[in-house]
Structure formats: structure tokens, C-alpha cells
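Residue-level structure breakdown
The residues making up each chain are set out below.
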Amino acid sequence: MIQGLGQIKSNIDSGAFNAVQYAGIAALEGDQGCVAEMQSVYQDRRNALLDGLRKIGLNPEMPKATFYVWCPIPAKYKSKEFTTLLLREAGVVTTPGSGFGEPGEGYVRLALTVSRERIEEAVSRIAKIAL
């Protein structure tokens, strides 16, 4: 075996780069205050989105452990149609559930990766569309 080749190979296809592993250890063993802070931010965004969508007649379920909300859409639409409607009429980007396979049809996925203010703005725009 060529000297050093084993180390190169292991970093290419047999595991995470050592520096990434050490960073993971530091993150898990370090102060977790930032985790609680981010959980609070995402919970606030989630609650704003759920409350807003429910007020306009859409009924998403509470997500269990993600920064996405899956929202059932009105029965008269397919997922892609509804996504297109939201984009064209409200300027709101969603992902059609059908893009995740047949079980996703009838849903759109909304992300919680923007500020609460942007989420509230998006809900306000959606509310102006005749659903």
C-alpha cells in the first residue's frame, strides 16, 4: 500500500472528516443555551404560522420535530396547482407535497426559516386569495 493512501481513502468514503467529528463533540459537550434559544425562535414562528393558517381556514397539524409545516390544501386543488396559486397570487413560496411522493398530494410544505414578521406577512397575503 502506498504510504498515506489509507488516510486519504478513509476521509473520502469511510467516515466524516476528523475536524467535523471534533466540532460535533465540542457542540454536544459545550453550552447548550443557544439550542434552547433557537428552539424558542422556531416555536414562536411555528405558532404564528399555525395560528395564521387556521384563522384563514387552513388546518395544518402541529409538527413534531421539524422546521416545516405540512398544510392540507382545499380539496379543489392539486398540490402543484395550489403552490402555483400561492406563488402567482400571493408571492408566497411553498413546496407541493406531491414532490415528496403520492402521500404528499393534498398538502403544501411551508418553512419556518424566515422571521416571524415574514411569516405573518405571508399569511396575510394568502388570506387575500379566495381559497
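First, a word on scope: everything that follows refers to the structure included in this document. (Residues numbered from 1 in each chain as written. Predicted model: local features only at pLDDT ≥ 70, side-chain atom pairs only at ≥ 80, totals over all residues. Heavy atoms only, no water.)

**Quick notes on a nonpolar patch on the surface**
On the surface, Trp70, Phe100 and Tyr107 cluster together into a nonpolar patch covering about 290 Å² of accessible area. Mapping Tyr107 onto the fold places it in strand β3 (residues 107-111). (Patch = residues over 30% accessible without salt bridge, like charges linked within 9 Å, V, L, I, M, F, W, Y side chains within 5 Å. Areas by Shrake-Rupley, 256 points an atom, 1.4 Å probe, with all protein chains shown as cover. Salt bridge = Lys/Arg side-chain N within 4 Å of Asp/Glu carboxyl O. Helix = DSSP H or I, 4+ residues; strand = E, 2+ residues; numbered from the N terminus.)

**Points about the packing of aromatic side chains**
A full pass over the atoms with the stated rule returns four aromatic pairs. Taking 4.9 Å as the distance between ring centres and 40° as the angle between the ring planes, the aromatic pair formed by Phe67 and Tyr68 counts as tilted. Given the relative accessible area of 38%, Phe67 is considered partly exposed. With 5.3 Å between their ring centres and 55° between their planes, Tyr77 and Phe82 make a pair best called tilted. (Phe/Tyr/Trp six-rings, centres within 6.5 Å; stacked < 30°, edge-to-face > 60°. Buried < 20%, exposed > 50% of the residue type's maximum accessible area, 1.4 Å probe, protein only.)

**Structural notes on the pattern of salt bridges**
Pairs may arise between side chains of opposite charge once their charged atoms sit close together. Taken as a whole and assessed by the stated rule, the structure comprises four salt bridges. Here Arg116 ties to Asp44 by a salt bridge, and the two come within 2.4 Å at their closest N and O atoms. Here Arg116 is found in helix α5 (residues 116-127), whereas its partner Asp44 is found in helix α3 (residues 33-55), with 72 residues between them in sequence. Of the residues examined, Arg116 reaches a relative accessible area of 29% and is grouped as partly exposed. Judged by its relative accessible area of 34%, Asp44 falls in the partly exposed class. Salt-bridge contacts for Arg116 lead to Glu120; the nearest nitrogen and oxygen are separated by 2.8 Å. Placement of the pair is Arg116 and Glu120 together in helix α5, with a separation of four residues, close to one helical turn.

**Things to note about the nonpolar core**
Ranked by internal contacts, the top residues of the largest apolar core, which has 22 residues, are Leu49, Leu53, Cys71, Phe82, Val108 and Leu110. Taken together, the elements giving at least two residues each to this core come down to α3, β1 (68-72), α4 (79-90), β3 and α5. Look past the residues within four positions of Leu49 in its chain and what remains in contact with it is Val69, Leu110, Leu112, Ile119 and Val123. (Core = buried A, V, L, I, M, F, W, Y, C linked by side-chain atoms within 4.5 Å. Contact = heavy atoms within 4.5 Å.)

It is worth stressing that arrangement in space is one thing and function is another; only the former is reported here.
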